[in-house]
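Here is how the chains run, residue by residue.
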Amino acid sequence: MASDIRRVVTGLDANNKAVVLFDSRLPLAPRSYGVASTVMWITDSYPPALSFTKDDPAARPIGIPPPDNGTIFRVVEFLPLDTATEAKMEPGLLMKAIGDHAPPRGVPVKHPMMHRSRTLDYAVVLSGEIDMQLDDETVHLKAGDVLVQRGTIHNWVNNGTVPCVIAFTLVSANPVSAGGKSLEARG
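Residues numbered from 1 in each chain as written. Predicted model: local features only at pLDDT ≥ 70, side-chain atom pairs only at ≥ 80, totals over all residues. Heavy atoms only, no water.

A. Layout of the pairing of strand E7 (residues 129–133). Examined bridge by bridge, E7 and strand E8 (residues 138–142) share 5 bridges and lie antiparallel to one another. For Glu-129, the partnering residue across the bridge sits in E8 and is Lys-142. Between E7 and E8, which follow one another and run antiparallel, lie 4 residues. In this structure, E7 lies alongside strand E10 (residues 155–157), joined through 3 bridges in antiparallel fashion. Paired with Gln-133 across the two strands is Asn-155, which belongs to E10. (Pairing = 2+ DSSP bridges. Helix = DSSP H or I, 4+ residues; strand = E, 2+ residues; numbered from the N terminus.)

B. Seen up close, the environment of Ile-72. On the secondary structure map, Ile-72 appears in strand E5 (residues 71–78). Sequence-wise, Ile-72 and Ala-58 are 14 residues apart; in three dimensions their C-alpha atoms are separated by 8.6 Å. If we ignore the near neighbours within four places in the chain, the residues touching Ile-72 are Val-39, Trp-41, Ile-42, Ile-62, Gly-63, Ile-64, Pro-65, Pro-66, Phe-168, Thr-169 and Leu-170. (Contact = heavy atoms within 4.5 Å.)

C. A look at the side chain of Gln-149. Residue placement: Gln-149 occurs in strand E9 (residues 146–150). Of the polar contacts made by the side chain of Gln-149, one reaches the side chain of Thr-152; its length is 2.6 Å. (Polar contact = N/O pair within 3.5 Å; in protein donor to acceptor, adjacent residues only side chain to side chain.)

Here you go:
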């Protein structure tokens, strides 16, 4: 497993000169079932505020989705998944963690790690390879590939032999129907 990721964050000093406010290594914390992650940055509003204080928003506790009208930038490492580990997973594991942040549309999950959230996700595979499972298809991604995930059910499965590292930016979203009306308003 990767142990940490270097994060450099710029800002302004008291003389309004561009400086580095943070330059440190953030550890990838082990999570359950062969996943490790670290949050690089969190925003709470759109458009985001450009505050140049030494307060580090990534240091605060946060779940999977970003705050309403906010974003999360995180790096996740997926170890190869073995069938014994997969068999021990609680049904609906990630959907329970997402809770009421799930969009109202979509079929029930088929795998414990399948999930959907009211987010627009940008993913860049930094190293390794991974399969993204959807309802009825699987897409194989490798280092350098980019994915735009738009609030649909999905799952990440590393069927390879080496870890896969992905940088994700999750943007809070409001799902809309094909006619452009908000699905959130329909209830």
